[in-house]
Amino acid sequence: MPTFEYAPAPESRAVLDLASSYGLFINGEFTPSTGGASFKTVSPATEEVLAEVSEASEADVEAAVAAARTAYTRVWSRMSGADRGKYLFRIARILQERAREFAVLESLDNGKPIRESRDVDIPLAAAHFFYHAGWADKLDWAGLGADPQPYGVVGQVIPWNFPLLMLSWKIAPALATGNTVVLKPAETTPLTALLFAEVCQQADLPPGVVNIITGAGATGQALVGHGDVDKVAFTGSTAVGKAIARTIAGTRKKATLELGGKAANIVFDDAPLDQAVEGIVNGIFFNQGHVCCAGSRLLVQESVAEEVQERLKARLSTLRVGDPLDKNTDVGAINSRAQLDKITELAAVGEAEGAQRWSPECELPSKGFWFAPTVFTGVSQTHRIAQEEIFGPVLSVLTFRTPGEAVAKANNTPYGLSAGIWTDKGSRILWMADQLKAGVVWANTFNKFDPTSPFGGYKESGYGREGGRHGLQGYVRTGA
Ligand code: TAP
């Protein structure tokens, strides 16, 4: 691929007051880690070091859990739902007011296009707090069972693909239901979680209700394994999810696991094809394909396969890859070198297995972590690129003849998080939705999220739901 050098848009960063180092957020205050360890977070688009971030030790995890326990016992569990709701409303409003700052920081630390952080991540995060603020004083009417009670202290671990949004999916329902929280963001994207800690201070949230501990997998492991954590909520890879399930097996801890996916985006010959092509592009190239529910397998009906592939290639040739802070960018940077290596390796496997690889002509920036949008045609179900989550801008195209064959192929993965259907027939949508083993099925759209809709997986995509009334269930015990 040819490369080019670019000067990142400087004016958009002016909105930020980025510190050179950040502490942990424990009991309402920023504090350095006890051992003094830290790590660097870099911009994946330029490899520039953005900040030095404290790495929480076991003693810090201990302190954060203790702060959450005290806040739970003395303050949060005694507060009325209406008062808890007021704090959530306040947080939601501040997120809206500081939306630009959050969007720029998210794009800098994660590499995603500013258009997406500005229009999707940050507004949805605020919406999540608004939505759950409304539930805080209505839990008795949420259909959760008799007398829903919080678990207590919740340990939450999140990935790097939607840092603030995943934080809001975790923290908003936990607080609304009366739990207190210790959350660990991913090592490569800690900054918006730390800015969120500032929002908690600004909202006068009682100290210890939210604690943010930064660090790597070991910090997450210490949190999940801590004896005074009542409930674990994890979003991340299936491999780590399985390790967590093993860690907490036989303990009193409850868990919700939101894991990987390998979604089928299924296009029938009666679908409006231009619309479907937009949906395919959005399905896999949104957020560089770093999306658990990404439509990474296109299943297209044989009679229109050639036409769809031609239109898809023409559309992909118009995508702009580059500076995440440029409003015209469609595809940003890959979040880390490790993720880039993983995508590169799996794409090479696709070629070695005999699938045909295609990318549009596009120059990639000479510094940073980049991967051109890539399409594999001639993919068969046994290929690794049809089975394994690539978590990058890589689409595998398979074909089918009948709806039954589409269902069989769509369900033929260990995952079951999401699926998409493109057709003109309402009856077919209903039939397919019933047959597909996926927690979310979109019809004539893709990657649509709303706080009122439950989200979660079947099979190795995990268990429990986030969002909607169903999402509250994971944070309360009912009955005896
Ligand atoms: P993971 O490597 O699983 O990391 C997720 C989080 O767990 C990170 O904060 C990570 O810390 C931490 N962690 C690593 N090892 C741990 C351990 N042994 N115990 C406790 N915590 C540990 O996933 P990722 O690469 O960040 O994210 C990509 C994966 O997340 C994909 O599989 C994707 O499908 C999935 N995902 C799922 C969803 C839903 S809703 N189902 C949403 C988004 C992403 P470090 O970052 O410091 O390693």
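Residues numbered from 1 in each chain as written. Predicted model: local features only at pLDDT ≥ 70, side-chain atom pairs only at ≥ 80, totals over all residues. Heavy atoms only, no water.

### Some thoughts on the pairing of strand 12 (residues 254-258)
Then, number 1: With five bridges joining them, strand 11 (residues 231-235) and strand 12 adopt parallel strand pairing. Bridge pairing in strand 12 places Val232 opposite Ala255.
Then, number 2: With respect to chirality, the unit in which strand 11 leads through helix 8 (residues 238-248) into the neighbouring parallel strand 12 is right-handed.
Then, number 3: Direction of pairing for strand 12 relative to strand 21 (residues 462-463): antiparallel, over a ladder of two bridges. By the bridge assignment for strand 21, Glu258 is matched with Gly462. (Pairing = 2+ DSSP bridges. Helix = DSSP H or I, 4+ residues; strand = E, 2+ residues; numbered from the N terminus. Right-handed = clockwise from strand over helix to strand, strands pointing away.)

### Brief notes about the sheet that holds strand 2 (residues 21-22)
Then, number 1: Spatial ordering of the open sheet is given by 2-6-5, a layout of three strands whose pairing is mixed. Strands at the two margins of the open sheet, each flanked by one partner only, are strand 2 and strand 5 (38-42).
Then, number 2: Of the pairings in the sheet, the one linking strand 5 to strand 6 (residues 49-54) comprises five bridges and is antiparallel in character. Along strand 6, the bridge assignment pairs Lys40 with Glu52.
Then, number 3: Contacts from helix 6 (residues 191-202) reach strand 2, strand 5 and strand 6 within the one sheet, and its direction differs from that of strand 6 by about 65°. (Contact = heavy atoms within 4.5 Å. Axes fitted to C-alpha atoms, helices over the stretch in contact; angles between N-to-C directions.)

### A word on the pattern of salt bridges
Then, number 1: Applying the stated criterion to the full structure yields 25 salt bridges.
Then, number 2: Across the salt bridge formed by Arg115 and Asp330, the nearest N and O atoms sit 2.8 Å from each other. One end of the pair, Arg115, is in helix 4 (residues 114-135); the other, Asp330, is in the loop between helix 10 (302-316) and helix 11 (337-352), and 215 residues separate them in sequence.
Then, number 3: Looking at Arg115, the relative accessible area reads 32%, which means it is partly exposed.
Then, number 4: For Asp330, a relative accessible area of 19% corresponds to the buried category.
Then, number 5: A salt bridge links Lys409 to Glu405, with the nearest nitrogen and oxygen atoms 3.2 Å apart. (Salt bridge = Lys/Arg side-chain N within 4 Å of Asp/Glu carboxyl O. Buried < 20%, exposed > 50% of the residue type's maximum accessible area, 1.4 Å probe, protein only.)

### Points about the nonpolar core
Then, number 1: Residues Ile171, Phe196 and Ile212 are the most contacted members of the largest nonpolar core, which totals 101 residues.
Then, number 2: Tallying contributions element by element places helix 5 (residues 163-176) first for this core, with ten residues.
Then, number 3: In contact with Phe196, other than residues within four places in its own chain, are Ile91, Leu95, Phe102, Phe129, Leu164, Leu167, Ile171 and Val210. (Core = buried A, V, L, I, M, F, W, Y, C linked by side-chain atoms within 4.5 Å.)

### Some words on the site of the ligand
Then, number 1: Taken together, 28 residues lie around the ligand, and Ile158, Ser237, Leu259, Cys292 and Glu389 are the ones closest in.
Then, number 2: A distance of 3.1 Å is found between an oxygen atom of the ligand and a side-chain nitrogen or oxygen belonging to Trp160.
Then, number 3: Here an oxygen atom of the ligand sits 3.0 Å away from a polar atom, N or O, in the side chain of Lys184.
Then, number 4: Relative to its unbound accessible surface of 910 Å², the ligand loses 87% to contact with the protein.
Then, number 5: For the shell around the ligand, the secondary-structure elements that each account for two or more residues are helix 7 (217-225), strand 11 and helix 8. (Near = heavy atom within 4 Å. Polar contact = N/O pair within 3.5 Å; in protein donor to acceptor, adjacent residues only side chain to side chain. Areas by Shrake-Rupley, 256 points an atom, 1.4 Å probe, with all protein chains shown as cover.)

### Section: unusual backbone geometry
Then, number 1: Phi is positive for Asp204, which is not a glycine, with a value near 60°.
Then, number 2: When its relative accessible area of 53% is taken as the criterion, Asp204 is described as exposed.
Then, number 3: Notably, Lys459 is not glycine yet its phi reads approximately 45°, a positive angle.
Then, number 4: Mapping Lys459 onto the fold places it in the loop between strand 20 (440-443) and strand 21.

### Description of the UniProt feature "active site" (unreviewed entry) in the chain
Then, number 1: The positions UniProt marks with the feature "active site" (unreviewed entry) are Glu258.
Then, number 2: The class for Glu258 is buried, based on a relative accessible area of 4%.
Then, number 3: Discounting residues that sit within four places of it in the chain, Glu258 has contacts with Phe234, Thr235, Gly236, Phe455, Gly456, Gly457, Ser461, Gly464, Arg465 and Glu466. (UniProt positions renumbered as here; feature names shortened; annotations may be inferred.)

### Focus: the packing of helix 9 (residues 273-285) against helix 10
Then, number 1: Packing of helix 9 against helix 10 brings their axes to within 10 Å, and their N-to-C directions diverge by 60°. Between helix 9 and helix 10, the crossing angle belongs to the class labelled oblique. In this structure, helix 9 meets helix 10 at a crossing whose hand is right-handed. Where helix 9 abuts helix 10, its residues Leu273, Asp274, Val277, Glu278, Ile280, Val281 and Phe285 lie against Val304, Glu307, Val308, Arg311, Leu312, Arg315 and Leu316. (Parallel < 35°, antiparallel > 145°, perpendicular 65-115°, else oblique. Left-handed = near helix turned anticlockwise from the far one by under 90°.)

### Observations concerning the packing of aromatic side chains
Then, number 1: For the coordinates displayed, the defined rule picks out 13 aromatic pairs.
Then, number 2: Seen from their ring centres, Tyr131 and Trp135 are 6.4 Å apart, and the 85° between their planes marks the pair as edge-to-face. With Tyr131 and Trp135 both in helix 4 and four residues apart, the pair spans about one turn of that helix.
Then, number 3: Summarising the aromatic geometry, the rings of Phe268 and Phe400 are spaced 5.2 Å apart at their centres and angled 75° between planes, so their arrangement reads as edge-to-face. (Phe/Tyr/Trp six-rings, centres within 6.5 Å; stacked < 30°, edge-to-face > 60°.)

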